[in-house]
Amino acid sequence: MDLFPNLSLGFATAFSLSNLLYCFVGVFVGTLIGALPGLGAVTAISMLLPFTFGFEPLGALILLSGIFYGAMYGGSTASILLNLPGTPANAIVALDGYALAQQGRAAMPLFMSAVASFVGGCIALVLVGVAAPAIVSIALEFGPAEYFSMMLLGLVAASAVATTSFLRSIGMVLVGLLLGLVGMDIVSGMMRFTFGIPIMAEGISFIVVAMALFGLTEVMSNLEPHGRPSITQPKTGWRDMMPTRDEAKRSVWTSLRGTALGSALGALPGAGPTISSFMAYTVEQRVSRHPERFGKGAVEGVVGPEAANNAAAQTGFIPTLSLGIPGDAVGALLLGTLIIHGIQPGPMVMSRHPELFWGLIASMWIGNVMLLWINIPFIGLWVKILSIPYRLLYPAIVVFLCIGVWSVANSTFQLYLLAGLGVAGYVLSKLDCPASPLLLGLILGPMMEENLRRALLMSRGDFGTFVESPISGGILAACLLLVVLTVMAEFRRGRRMQSSRLERNGT
Amino acid sequence: MATVLREKDFLAGMAFVAIGGFFAIGALDFGIGTARRMGPGYFPLVLGSVLVLVGMALSAKALWQRSGDLVGRLYLRPVISLFAAIVGFAVLLETVGLVAACLAAVLIASLASRETTLLGSLAVAVVMALGCGLLFVEFLGLPMALWRF
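The name an unreviewed UniProt entry assigns to chain B is Tripartite tricarboxylate transporter TctB family protein, from the organism Jiella pelagia.

Looking at an unreviewed UniProt entry, one finds chain A named Tripartite tricarboxylate transporter permease and attributed to Jiella pelagia.

**Student:** Looking at this model, I keep getting lost on the nonpolar core. Mind explaining?
**Tutor:** Generally speaking, soluble globular proteins have nonpolar side chains that are buried together. Among the nonpolar cores identified, the biggest contains 175 residues, and Ile403, Leu415 and Leu418 of chain A together with Leu82, Phe89 and Leu98 of chain B are the most heavily contacted of them. With 13 residues, the top contributor of residues to this core is helix H19 (residues 390-409) of chain A. Each of domain 1 (2-64) and domain 2 (76-139) of chain B accounts for three or more of the residues forming this core. For Leu98 of chain B, the contacting residues outside a window of four places in its chain are Ile403 of chain A together with Phe89, Leu93, Cys132, Gly133, Val137, Met144, Ala145 and Leu146 of chain B. Counting 29 residues, the second largest nonpolar core, distinct from the first, contains Ile80, Met108, Ala298 and Val303 of chain A.

**Student:** Help me understand a nonpolar patch on the surface, please; the structure alone is not making it clear to me.
**Tutor:** A cluster of nonpolar side chains, contributed by Leu21, Phe24, Val25 and Phe28 of chain A, occupies part of the molecular surface with about 330 Å² of accessible area. Of the residues examined, Val25 of chain A reaches a relative accessible area of 33% and is grouped as partly exposed.

**Student:** So what exactly am I meant to see when it comes to the environment of Tyr394 of chain A here?
**Tutor:** Following the sequence through the fold, Tyr394 of chain A ends up in helix H19. For the pair Tyr394 of chain A and Met220 of chain A, spaced 174 residues apart in the sequence, the C-alpha separation amounts to 9.5 Å. Those residues in contact with Tyr394 of chain A that sit more than four places away from it in its chain are Val219 and Leu223 of chain A together with Leu82, Ala109, Ser110, Leu111, Ala112, Ser113 and Thr116 of chain B. Within the structure, the side chain of Tyr394 of chain A is placed 3.4 Å from the backbone nitrogen of Ser113 of chain B, a separation counted as a polar contact.

**Student:** What exactly am I supposed to notice about the domain arrangement of chain B here?
**Tutor:** Often the size quoted for an interface is simply the accessible area lost on bringing the parts together. Each assigned domain of chain B is listed here: domain 1 (2-64) and domain 2 (76-139). Summarising the inter-unit geometry, the C-alpha centres of domain 1 of chain B and domain 2 of chain B are found 38 Å apart.

**Student:** Before we go on, may I ask you to explain unusual backbone geometry in this structure?
**Tutor:** Glycine aside, a negative phi is what most residues show, and trans is what most peptide bonds show. Residues and elements named next belong to chain A. Backbone geometry at Phe195 places phi at a positive 55°, although glycine is not the residue there. Structurally, Phe195 is set in the loop between strand S2 (191-192) and helix H9 (206-222). Exposure remark for Phe195: the relative accessible area of 62% places this residue in the exposed category. Even without being glycine, Arg460 reaches a positive phi, approximately 55°.

**Student:** Would you mind going over the interface of chain B and chain A with me for this structure?
**Tutor:** Counting residues at the interface gives 72 residues for chain B and 69 residues for chain A. Taking both partners together, chain B and chain A bury about 6,200 Å²; carbon and sulfur atoms supply 80% of that area. Where chain B touches chain A, the interface holds two salt bridges. In this structure, Asp432 of chain A and Lys8 of chain B form a salt bridge, with 3.1 Å as the shortest nitrogen-oxygen distance. The tally of links from chain B across to chain A stands at ten residue pairs in polar contact (both at pLDDT 80 or more). Put simply, the parts of the chain that give the side of chain B that touches chain A at least two residues each are helix H1 (8-27), helix H2 (42-64), helix H3 (76-95), helix H4 (98-110) and helix H5 (118-139) of chain B. A breakdown of the residues in the side of chain B that touches chain A according to their chemical character gives 50 nonpolar, eleven polar and eleven charged.

Basis of the calculations
Residues numbered from 1 in each chain as written. Chains lettered and ligands numbered in written order. Predicted model: local features only at pLDDT ≥ 70, side-chain atom pairs only at ≥ 80, totals over all residues. Heavy atoms only, no water. Core = buried A, V, L, I, M, F, W, Y, C linked by side-chain atoms within 4.5 Å. Buried < 20%, exposed > 50% of the residue type's maximum accessible area, 1.4 Å probe, protein only. Helix = DSSP H or I, 4+ residues; strand = E, 2+ residues; numbered from the N terminus. Domains from an automatic or database assignment. Contact = heavy atoms within 4.5 Å. Patch = residues over 30% accessible without salt bridge, like charges linked within 9 Å, V, L, I, M, F, W, Y side chains within 5 Å. Areas by Shrake-Rupley, 256 points an atom, 1.4 Å probe, with all protein chains shown as cover. Salt bridge = Lys/Arg side-chain N within 4 Å of Asp/Glu carboxyl O. Polar contact = N/O pair within 3.5 Å; in protein donor to acceptor, adjacent residues only side chain to side chain. Buried area = accessible area lost by both parts, 1.4 Å probe. Nonpolar A, V, L, I, M, F, W, Y, C, P; charged D, E, K, R; others polar.

Right, dumping it as structure tokens:
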């Protein structure tokens with residue numbers, strides 16, 4: 001393996017002054033956004049994306065990915081102190097973290113979650129460096145048929161794993177794919193679904209969609225009247241942060257188990273940090289000799305999920321960087337960033353732009369170190385930021401959304417699109433339709449159409465080309481299996497819910 | 001029977017049918033072509049039709065097994081005020097400039113919540129107008145007018 005020369009190239013690139021600055025800004029903003037409940041990493045990335053148009057592509061990637069894994073660190077703060085998850089991936093940490101906070105020991109879980117995140121992130125990064133090049137060497141053999149099948153698998157897997165209702169997520173993927181086709185058809189030059197509006201020829205920008213569905217819709221939902229808990233002001237001296245000797249000993253294996261679980265799940269499309277952290281919690285509860293401690297302030301309940309979600313946040317970059325197929329909304333946004341900077345995503349990125357791939361990996365490692373230093377000594381600062389009331393915060397978010405959307409194309413048309421999509425997104429969220437699959441579809445739509453066209457042109461219209469190649473056929477078989485299993489599980493669950501309802505009504 | 005019309009599954013399915021149908025019917029005008037030489041309408045037609053099927057399956061499932069999961073109340077106040085704030089921002093940005101757009105957007109958006117106070121919102125509005133003007137126009141150089149006379 002030429003891992004080491006590559007890594008040294010990466011570190012040489014990432015240690016440039018401007019890239020260090022981008023990295024710092026990214027992880028700092030990420031921690032801030034993560035700490036504020038009701039503002040997710042996807043919102044923050046889409047808000048800042050337009051302002052990175054003028055950067056070098058690597059600088060933009062470093063900054064935007066820094067927001068993502070920074071938010072994983074920051075998100076635990078709100079979970080522990082407010083019992084309100086900063087990001088969904090930190091929700092489970094609230095169970096034991098908040099219990100500890102109520103016992104007056106808030107600083108300890110805050111400290112341990114930063115350390116666990118660091119451990120998870122660093123180990124997972126090594127895996128990214130090893131696994132991604134291996135996947136690339138396979139993916140270089142891919143033709144259009146394999147690509148199409150691979151994207152299909154990515155979309156199906158993301159809808160099957162991530163949410164409770166498979167039909168809903170698949171529907172949202174399809175809506176996204178269709179929205180991705182709006183604009184000028186590259187082959188025929190025909191305008192599709194543009195309603196005669198000239199600016200629509202460029203298509204619907206994924207940034208506007210992301211800001212509408214993850215920014216505006218979130219604000220609308222957050223403003224629905226329901227109570228907000230008050231914050232407990234913790235003591236944040238060094239001594240308060242230290243775990244007891246017994247807690248520290250229990251945390252070692254827990255953090256390693258969490259890392260292993262998170263790394264494995266994170267690389268799969270759709271699973272990602274949220275599911276990993278929930279699974280890690282369950283695993284810790286199973287292997288613990290004292291499962292009754294969980295929920296009452298067990299340190300394992302903080303350390304395991306935090307290590308897992310951060311590991312998953314890092315390995316989640318594997319499919320995006322090696323295949324050009326994003327596994328979740330963040331991957332989709334980063335992929336979109338590459339396209340905006342004129343870099344065709346896919347396995348060629350690593351050989352054509354090695355400094356981009358390895359620089360990003362190195363920057364993430366540097367970012368993890370920075371996060372440790374941003375988080376631990378400044379816990380007190382993050383606690384203060386948490387106490388900014390939402391009524392002052394949300395109008396500011398709206399203005400940032402407006403300016404960000406306007407700067408996508410320096411045009412107010414995008415603002416009207418934002419307002420309309422925001423309302424549509426609110427209605428869809430009321431129907432429990434998840435927004436992430438839509439964003440994935442939107443980014444992959446044009447690429448899927450292009451590969452489908454190319455594959456069928458090469459096979460002279462014979463659909464057999466998708467099953468004749470062993471790779472493509474195997475991937476499609478996996479797709480089919482996944483669909484069948486998920487649909488069966490869903491129907492079984494539906495029937496169980498129905499019968500339990502009937503029993504309730506009967507008594 | 002009437003409650004099924006308020007079930008989330010049923011409504012989501014119907015929304016998918018409507019969206020899929022819109023794209024599928026629209027695609028018919030573009031020229032479908034053959035699998036070998038796809039016209040611009042081919043892919044949207046296929047996707048739209050599949051979406052209609054998915055939507056029908058979801059609605060049928062709701063009729064078949066009533067989950068009793070009804071759609072929650074729509075809170076129109078935040079939706080309308082935030083919609084108005086963004087449209088107001090867009091209109092004022094083109095006619096008067098960024099400062100007025102920021103002031104208006106914050107104040108209209110503040111109507112979305114009962115918890116906001118006039119004084120607090122005014123303070124946020126002024127801070128945002130000044131801060132955004134400095135940060136985005138003076139420092140980052142976005143081609144926006146601060147104030148048009």
